[in-house]
Amino acid sequence: MAATQREQVHPGWRAEEGAVTAMLKHDSTAIDLSGESADCLAICAARHPDPFAWLGQHVAGQQSVRRAFLPGAFRVEIQTPKGWRAMEPIHSDGVFIHQGEALPLPYRLRWEDRHGLHEHYDPYVFGPVLGDLEVYLFGEGRLYEAYHHLGAHRRQHEGVDGVSFAVWAPNAERVSVVGDFNDWDGRFHPMRARGLSGLWELFVPDLAVGEIYKFEMRHRDSGVVFVKTDPYANAFELRPSTAARVVEDDHVWTDQDWMAARAGHDWQHAPMNIYEVHLGSWQRDAAGHFLSYETLAERLVTYCKDMGYTHIELMPVMEHPLDESWGYQVSGYFAPTSRFGTPDGFRAFVDHFHQAGIGVLLDWVPGHFPKDDWGLARFDGTALYEHADPREGEHSDWGTYIFNFGRNEVRGFLLANACYWADSFHIDGLRVDAVASLLYRDYSRQEGEWIPNQYGGRENLEAIDFLREMNVVLNARHPGILTIAEESTSWPMVSRPTYVGGLGFSMKWNMGWMNDTLAYLEQDPIYRRFHQNDLTFSQLYAYTENFVLPLSHDEVVHGKRSLLDKMPGDAWQRFANLRLLFSYQFAHPGKKLNFMGNEFGQGQEWDCGRALDWDLLHWDWHQGIQHLSRDLAHLYRDIPALYVQDFQSEGFSWVDCHDADQSVLSFLRWDRDGGFVLAVFNFTPVPRYNYRLGVPAAGQYHEIFNSDAGAYHGGNVGNLPQQAQAQAWMGLSHSLELVLPPLGALYLQLTRTT
């Protein structure tokens, strides 16, 4: 039975409209709130401002009194040093009392109700779990390990095993933990308020791993009672159910060597070839169902190693309610989605990749969250995590709310979340989604639909500060971790350190390169001569940032067609153009990213509701694309000139960028020791014979890669090794006469000097 079907507000204490003064409506009877009866009735109505002040054990003169509230119980006993003793009922809703000498704490209660006999420690005799320092740091937005303190955690507290719960809800009059363990009745487990911090907490003894729960709240002004899931939950029920689940981390990591090496890894001068994957549609089982994290790990690691990928980037794995959102409308920021298994299953997934020498990057979505009424939206009955004003607090394009980065607790929530994935799951980097939507207050808004910052500008100053702090904190706590910005504007120094005024990201997606390159290749080759600038323009800014060259999921959805289907011409031209695109990407400065399916020429647009069309690999054309993708990846990893100076202008020089009439482009990629690769591209379906190109040194040159090779189902037009001629050309000391294959790319290297 799903949690959403079980949750009911108890009819005896459903809130009514209006402010609460000295009278409380309860079972249609006006009740005096003074004295002991007032406390008793407030507890019964789930309206007591401090249940710990009345429930549990308290000194009363020379004696002690112990009170328990167990709705529905008709007999309750308390454990004393002399044995079990009956507690006296004082209210028919389930309030019981016992007086006498003080009992050693904690003590156990035993009661009987319609469900049978129960025995547990009294939760209202335990002290707080949250320390004063944690409460203070939370309010400052600097409790970077909030994931250890908020949410639900199985722990031993004051010598007793149980689960501690903590949540931030400053505008709630009362917060209770509800779940199967208390019939989803908010009267059972009201929480302790921690002063004016807005934090509520409760240690529930004897509670086990696997329990599902939510938080029930009563708004302090409206009196409305509602139920929310846990923002800090580590696991959830399988959608469409939305209750959080108590889990423990039992995974034993085996990636110590990887983590130690990562801390000192010189990633700027290393190859990086990223495979972007949506776990729900990469592969499925024979019945079309999702694979588990463990099965995905085995299959993906084998595939990625064979294909030569250095990293995998997962579209959001954080819990989300709607499959069609691809994970970008997150409801559980601290929980890997239950679609594919447990949090420990995802830990095993990451561990398996690290054992294979492959890094794991996650898409991360700090810019917005969905409006589901059981989630973060209006969490305590007010605009808590989001702005109240829709001109600041809503993305109309996406139908989502925007985080209020001006609140310490909200900023701290996201900072702790970034740290959580690095700490608890050993992830190697975050690709931050839609950074432009964080940077600008007028992002995708018309005049009058946004509010300027305090200086009258369009910059979101609080979000900018957050991004900088996130990058500083992550790098300080997890050396070697990467942060990658999906940022589509000309904002300066995105991937430059914060101490020189940058945002502090490791890298930035080069959206300009992607858009220009695809626009060029979508042209019929006869018109490409007029668009040569689309290919050459990137060199004007290629070294202003640390760029990743993305061919991502965004380019193969929403009517944009697959990469293969974008290519013009008949079948051989389309496949040749796709091979040419990948060859150009691997030669161009910048780290590489390709979305799943592109690497074998997926024919249709990506559909998140089904697996990729792996059957296409029965066809030579698609085998050729996959073979080329594999060879390019391994060649790229083996030749330093193709990666070691990706971010330095010294790693690139033109041979000829002006031959627009023949749509030919040629350049050199350099390593730091004088080694180089000559890359030549013919963007027309016409072979070019006796094409003279300058080279910087004498000696013998040979093809190390030809995109038209027969192994790739090309026409096998190419060149035998040849000696450079002592004829200066294009400002270089020597030259070659080459055959350029139609719609083909060549990489050549100097193999023997003279």
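Residues numbered from 1 in each chain as written. Predicted model: local features only at pLDDT ≥ 70, side-chain atom pairs only at ≥ 80, totals over all residues. Heavy atoms only, no water.

A.B. asks: Describe the overall build of the protein, listing the residues and the values that go with them.
C.D. replies: On a plain count of helices and strands, the protein comes out with 15 helices and 38 strands. Each principal axis of the C-alpha atoms in the protein carries an extent, and together these give about 110 × 55 × 45 Å. Burial analysis of the protein (754 residues in total) assigns 60% to the buried set. If you take every contact in the protein between residues at least 6 apart in sequence, the share linking residues at least 24 apart comes to 70%. Summed over its atoms, the accessible surface of the protein is roughly 28700 Å², and 50% of this surface lies on carbon and sulfur atoms. Here the protein carries 61 positive and 99 negative side-chain charges, and the mean point of each set is 1 Å from the other. (Helix = DSSP H or I, 4+ residues; strand = E, 2+ residues; numbered from the N terminus. Buried < 20%, exposed > 50% of the residue type's maximum accessible area, 1.4 Å probe, protein only. Contact = heavy atoms within 4.5 Å. Areas by Shrake-Rupley, 256 points an atom, 1.4 Å probe, with all protein chains shown as cover. Lys, Arg positive; Asp, Glu negative; His and termini not counted. Charge placed at Lys NZ, Arg CZ, Asp CG, Glu CD.)

A.B. asks: Requested: an account of the environment of Asp 661, with residues and values cited.
C.D. replies: Position of Asp 661 relative to the elements: it lies in the loop between β31 (652-656) and β32 (664-670). Under the relative-accessibility criterion, Asp 661 is labelled exposed at 56%. Distance in space between the C-alpha atoms of Asp 661 and Lys 566 is 23 Å, their sequence separation being 95 residues. Only 2.9 Å separates the side chain of Asp 661 from the side chain of Arg 529, close enough to count as a polar contact. (Polar contact = N/O pair within 3.5 Å; in protein donor to acceptor, adjacent residues only side chain to side chain.)

A.B. asks: Break down the packing of helix α5 (residues 293-307) against helix α6 (residues 343-355) for me, with residues and values.
C.D. replies: Two numbers describe how α5 lies on α6: the axes approach to 8 Å, and their chain directions differ by 15°. Here α6 runs roughly parallel to α5, going by the angle between their axes. Crossing angle aside, the handedness with which α5 passes α6 is right-handed. Between α5 and α6, the contacting residues are Tyr 293, Glu 294, Leu 296, Ala 297, Glu 298, Leu 300, Val 301 and Cys 304 on the first element and Gly 345, Phe 346, Phe 349, His 352 and Phe 353 on the second. Considered class by class, the residues forming the contact of α5 with α6 number nine nonpolar, two polar and two charged. (Axes fitted to C-alpha atoms, helices over the stretch in contact; angles between N-to-C directions. Parallel < 35°, antiparallel > 145°, perpendicular 65-115°, else oblique. Left-handed = near helix turned anticlockwise from the far one by under 90°. Nonpolar A, V, L, I, M, F, W, Y, C, P; charged D, E, K, R; others polar.)

A.B. asks: Give a detailed account of the pattern of salt bridges, specifying residues and quantitative values.
C.D. replies: Once their charged atoms are close, side chains differing in charge can pair, the charge on each being opposite to the other. All chains considered together, the criterion is met by 42 salt bridges. Across the pair Asp 323 and Arg 339 runs a salt bridge whose closest N-O atoms are separated by 2.8 Å. Of this pair, Asp 323 sits in the loop between β21 (318-319) and β22 (332-336) while Arg 339 sits in the loop between β22 and α6; the two residues are 16 residues apart in sequence, bridging distant segments of the chain. On the basis of relative accessible area, Asp 323 is assigned to the partly exposed category, the value being 23%. The residue Lys 371 makes a salt bridge to Glu 394 at a minimum N-O spacing of 2.9 Å. In this pair, Lys 371 sits in the loop between β23 (359-364) and α7 (390-393) while Glu 394 sits in strand β24 (residues 394-395), placing the two residues 23 residues apart along the sequence. Accessibility expressed as a relative area gives 23% for Glu 394, which makes it partly exposed. Several salt bridges share partner residues, and in doing so they unite Glu 313, Asp 363, Arg 431, Asp 433 and Glu 486 into one network. (Salt bridge = Lys/Arg side-chain N within 4 Å of Asp/Glu carboxyl O.)

A.B. asks: Would you mind going over the nonpolar core in detail, with residue names and values included?
C.D. replies: Phe 165, Phe 349, Tyr 385 and Tyr 747 are the most contacted members of the largest nonpolar core, which has 191 residues in total. Per-element accounting of this core gives the leading share, eleven residues, to helix α8 (residues 408-425). In contact with Phe 349, not counting residues within four places along its chain, are Leu 279, Tyr 293, Leu 296, Ala 297, Leu 300 and Leu 314. Ranked by size, the runner-up nonpolar core spans 17 residues in total, among them Val 664, Leu 668, Val 680 and Leu 740. (Core = buried A, V, L, I, M, F, W, Y, C linked by side-chain atoms within 4.5 Å.)

A.B. asks: Can you explain the packing of aromatic side chains? Please cite residues and give values.
C.D. replies: Applying the stated rule across the entire model yields 63 aromatic pairs. Between the aromatic rings of Trp 398 and Tyr 443, the centroid separation amounts to 6.1 Å while the plane-to-plane angle is 45°, which identifies the pairing as tilted. Here Trp 398 is found in the loop between β24 and β25 (400-401), whereas its partner Tyr 443 is found in the loop between α9 (435-439) and α10 (461-477), with 45 residues between them in sequence. (Phe/Tyr/Trp six-rings, centres within 6.5 Å; stacked < 30°, edge-to-face > 60°.)

A.B. asks: Could you give an account of the sheet that holds strand β8 (residues 95-100), with specific residues and numbers?
C.D. replies: Pairing is antiparallel in the open sheet, where four strands are placed in the order β3-β4-β8-β7. Each having just a single partner strand, β3 (56-60) and β7 (88-91) make up the two edges of the open sheet. In this sheet, adjacent strand axes meet at a mean angle of 30° when their direction is disregarded. Relative to β8, β7 runs antiparallel, the two being bridged by three bridges. Residue pairing for β8: Glu 88 is matched across the bridge by Ile 97. (Pairing = 2+ DSSP bridges.)

A.B. asks: Which residues make up the pairing of strand β5 (residues 75-80), and what are the values?
C.D. replies: Residues in a regular strand point their side chains to alternate faces of the sheet. As paired strands, β5 and strand β9 (residues 108-113) are joined by four bridges and run antiparallel to one another. Pairing of Arg 75 across the sheet is with Glu 112, part of β9. Bridge count between β5 and strand β6 (residues 83-86): four bridges; the pairing is antiparallel. Following the sheet pairing, Thr 80 is matched in β6 by Gly 83. Between β5 and β6, which pair antiparallel one after the other, the connecting turn spans two residues.

A.B. asks: Help me get a handle on α6, residues and values and all.
C.D. replies: For α6, spanning 13 residues, the distance from its first C-alpha to its last is 18 Å, which sits close to the expected 18 Å at 1.5 Å a residue. Looking only at α6, the buried set comprises Pro 343, Asp 344, Gly 345, Phe 346, Arg 347, Phe 349, Val 350, Asp 351, Phe 353 and His 354. (Expected span 1.5 Å × (residues − 1).)

A.B. asks: An account of the sheet that holds strand β10 (residues 116-121) is requested, with residue identities and associated values reported.
C.D. replies: Spatial strand order, β6-β5-β9-β10: four strands in an open sheet with antiparallel pairing. Because the sheet does not close on itself, it has two edges, and the strands there are β6 and β10. Recorded for the sheet is a direction-independent mean angle of 25° between the axes of neighbouring strands. When β9 meets β10, the two strands line up antiparallel, connected through six bridges. By the bridge assignment, Glu 112 is partnered in β10 with Leu 117.

A.B. asks: Explain the environment of Gly 375 residue by residue, including any values.
C.D. replies: With respect to the helices and strands, Gly 375 occurs in the loop between β23 and α7. Discounting residues that sit within four places of it in the chain, Gly 375 has contacts with Lys 228 and Thr 229.

A.B. asks: Report on the packing of α5 against helix α15 (residues 620-638), specifying residues and quantitative values.
C.D. replies: Contact pair α5 / α15: the axes reach a minimum separation of 8 Å and the direction vectors enclose 70°. In terms of orientation, α5 and α15 fall into the roughly perpendicular class. Contacts between α5 and α15 involve Tyr 303, Lys 305, Asp 306 and Met 307 from the first element and Gln 626, Ser 629, Arg 630, Ala 633 and His 634 from the second. Its residues assigned to classes, the contact of α5 with α15 comprises three nonpolar, three polar and three charged.

A.B. asks: Lay out α8 in plain terms, naming residues and giving numbers.
C.D. replies: Since the α-helix advances by 3.6 residues per turn, residues separated by three or four positions end up pointing in the same direction. Under the 1.5 Å per step criterion, the end-to-end length of α8 is 25 Å for 18 residues, consistent within 8% with the ideal 26 Å. Residue Cys 419 marks the point of greatest curvature in α8, where the axis turns by about 25°. Of all 18 residues in α8, 16 are buried, a share of seventy percent or more. Taken from the residues just after α8, His 426 is the one with a positive phi, measuring 60°. (Bend = angle between axes of the 7 residues up to and from the residue.)

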